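Analysis of the macromolecular model
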Amino acid sequence: RSRNGIRTRSHALMNSAPIGVFDSGVGGLSLLRELRRLLPNEDFIYYGDRANAPYGAKTHGEILEISKGIVDVLLSRGAKAIVVACNTAKAVAIDPLRAAYPNLPIIGIEPAVKPARVAGCKRVLVLATPVTVNESRFAALLRTNSRDGCEFIGVPCRDLAFMIENDRTSEEIEEYLSSVFAPYRADGFDGIVLGCTHYPLVKDEITRAAGADVRVFDGSDGTARHTKALLSELSLDSWARKIGTVEFISSDGSDHLERFYNKFCI
């Protein structure tokens, strides 16, 4: 049968199949944490592409080619759905991926721009990689939500994902963030949207650098809820009564992803 243009096979084999999640490295683990919280009976395969990180330094063509290759790997391992846990890959590749795999549910991380507006923030910095900030889809999202007295400003953070991926100290990260926020302090800002899945992993450092009166918004919860709703709508949700498992795949062959997840996300 077909729902929303996606042909599904709702039988025990498909329902018990894993959900594929991918990111350029450890960043998507923040979304995986929320997915497992909302979907505790699902199995997951997490692909962290550390060999090609950071995506923010790559061209659109490179990001699309890499993303298609990863989806093929996840499909070869039986994934029933794909969650693009990388804001940069989502901004560049999700429409071509959906066109290339029309029968596959593909969900993309979405920056929490609307929740920041609904919360009543007036001037919001949306932190993201330079590629994401310059992407037309991202710019359109900010324009659409810059209303009701709320202004969104895309702020490129060239080095932040790299610093998180390479486990830089809190002091180094706070110093870097202070320099990022400096040009916006004169006019003030009362909200920050985390437009890269790496950034929730240093939410405390972001809050300290921005100031305690600045609200911080993360899109992981909304994306996880959307994933749960879509799987249910397509009758692809797991029937299992056991707690689901996670398989970690790192393109550089290391065990860094699992160690990082166990340290920061459990």
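The structure presented is a predicted model; accordingly, all values stated were derived computationally and were not measured.

Scanning the chain for helices and strands turns up 12 helices and 11 strands. Relative to the compact-globule value of 18 Å for 266 residues, the chain shows a C-alpha radius of gyration of 18 Å, a close match. Burial analysis of the chain (266 residues in total) assigns 53% to the buried set. Considering only residue pairs separated by 6 or more positions, the chain has 80% of its internal contacts joining residues 24 or more positions apart. Here the chain displays about 11,700 Å² of accessible surface, and carbon together with sulfur accounts for 49% of that area. Across the chain, the mean location of the 33 positive side-chain charges is 8 Å away from that of the 33 negative side-chain charges.

What follows deals with the packing of aromatic side chains. Per the stated rule, a full pass over the model turns up three aromatic pairs. Taken together, a centroid distance of 5.6 Å and an interplanar angle of 50° make the contact between Phe-248 and Tyr-261 tilted. Of this pair, Phe-248 sits in strand 11 (residues 246-250) while Tyr-261 is found in helix 12 (residues 256-264), placing the two residues 13 residues apart along the sequence. In this structure Tyr-261 comes out as buried when scored by relative accessible area, which is 4%. Here the aromatic residues Tyr-46, Phe-248 and Tyr-261 are joined through ring pairs into a cluster of three or more.

Turning our eyes to something else, we now look at the side chain of Glu-205. Position of Glu-205 relative to the elements: it lies in helix 10 (residues 203-210). Arg-208 provides the closest opposite charge to the buried, unpaired Glu-205, separated from it by 4.1 Å.

Attention now goes to the pairing of strand 4 (residues 44-48). Judged by how many residues are buried, strand 4 sits mostly within the fold: five of five residues are covered. Covered by surrounding structure in strand 4 are Phe-44, Tyr-46 and Gly-48 together with Ile-45 and Tyr-47, the residues of both alternating faces. Here five bridges tie strand 3 (residues 19-23) to strand 4, and the two strands are oriented parallel to one another. Across the sheet, Asp-23 pairs through a bridge with Gly-48, a residue of strand 4.

We now examine the confidence of the model for the chain. The pLDDT averaged across the chain works out to 91; a share of 95% of its residues lies at or above 70. The secondary structure element of the chain with the lowest average pLDDT is strand 1 (residues 2-3), at 43, and the one with the highest is strand 5 (residues 81-84), at 98.

Here we come to the nonpolar core. Residues Leu-125, Leu-127, Phe-181, Ile-192, Tyr-199 and Ile-206 are the most contacted members of the largest nonpolar core, which totals 53 residues. In this structure Phe-181 touches Leu-125, Leu-127, Phe-189, Ile-192, Ile-206, Ala-209 and Ala-210, once residues within four positions along its chain are discounted. Tyr-47, Ala-79, Ala-89 and Leu-97 belong to the second largest nonpolar core, which has 23 residues in total.

On to the sheet that holds strand 6 (residues 106-108), then. If you trace the five strands from one edge of the open sheet to the other, you get 6-5-3-4-11, paired in parallel fashion. In this open sheet, the two strands that pair with only one neighbour each are strand 6 and strand 11. Strand after strand, the sheet turns through a mean of 20° between neighbouring axes, direction not considered. The pairing of strand 5 with strand 6 spans three bridges and is classified as parallel. Across the sheet, Ile-82 pairs through a bridge with Ile-106, a residue of strand 6. Contacting strand 3, strand 4, strand 5 and strand 11, helix 2 (residues 29-38) crosses the sheet at an angle of about 175° to strand 4.

Let us look at helix 7 (residues 136-145). Looking at helix 7, one finds that the buried residues are Phe-138, Leu-141, Leu-142 and Asn-145. Relative to the axis of helix 7, the buried residues are bounded by an arc of 95° and lie together on one face. Along helix 7, the residues that are exposed and aim more than 90 degrees away from the buried face are Ser-136, Arg-143 and Thr-144. The inward-facing, buried residues of helix 7 abut helix 5 (113-118), strand 7 (123-128), helix 6 (130-133) and strand 8 (151-156).

Further remarks concern the state of the cysteines. In total, this model carries zero disulfides according to the counting rule given. Here Cys-121 is not cross-linked by a disulfide; its sulfur's nearest cysteine counterpart is in Cys-150, at 6.4 Å. Looking at Cys-121, the relative accessible area reads 3%, which means it is buried. Judged by its relative accessible area of 4%, Cys-150 is buried.

Below, the discussion takes up helix 3 (residues 60-76). The end-to-end C-alpha separation of helix 3 is 24 Å, in line with the 24 Å expected for 17 residues at 1.5 Å each. All of the buried residues along helix 3 are Ile-63, Ile-66, Ser-67, Ile-70, Val-71 and Leu-74. Down the axis of helix 3, the buried side of the element spans an arc of 140°, and every buried residue falls inside it. Exposed side of helix 3, more than 90 degrees from the buried face: Glu-65 and Ser-76 are the residues found there. Buried residues in helix 3 make contact with strand 3, strand 4, strand 5, helix 4 (87-100) and helix 6. Just downstream of helix 3, Gly-78 is the residue with a positive phi angle, here 90°.

What counts, and at which threshold
- Residues numbered from 1 in each chain as written.
- Predicted model: local features only at pLDDT ≥ 70, side-chain atom pairs only at ≥ 80, totals over all residues.
- Heavy atoms only, no water.
- Helix = DSSP H or I, 4+ residues; strand = E, 2+ residues; numbered from the N terminus.
- Rg over C-alpha atoms; globule rule 2.2 N^0.38 Å.
- Buried < 20%, exposed > 50% of the residue type's maximum accessible area, 1.4 Å probe, protein only.
- Contact = heavy atoms within 4.5 Å.
- Areas by Shrake-Rupley, 256 points an atom, 1.4 Å probe, with all protein chains shown as cover.
- Lys, Arg positive; Asp, Glu negative; His and termini not counted.
- Charge placed at Lys NZ, Arg CZ, Asp CG, Glu CD.
- Phe/Tyr/Trp six-rings, centres within 6.5 Å; stacked < 30°, edge-to-face > 60°.
- Salt bridge = Lys/Arg side-chain N within 4 Å of Asp/Glu carboxyl O.
- Pairing = 2+ DSSP bridges.
- pLDDT = per-residue confidence, 0-100.
- Core = buried A, V, L, I, M, F, W, Y, C linked by side-chain atoms within 4.5 Å.
- Axes fitted to C-alpha atoms, helices over the stretch in contact; angles between N-to-C directions.
- Arc of directions from axis to C-beta.
- Disulfide = S-S within 2.5 Å.
- Expected span 1.5 Å × (residues − 1).

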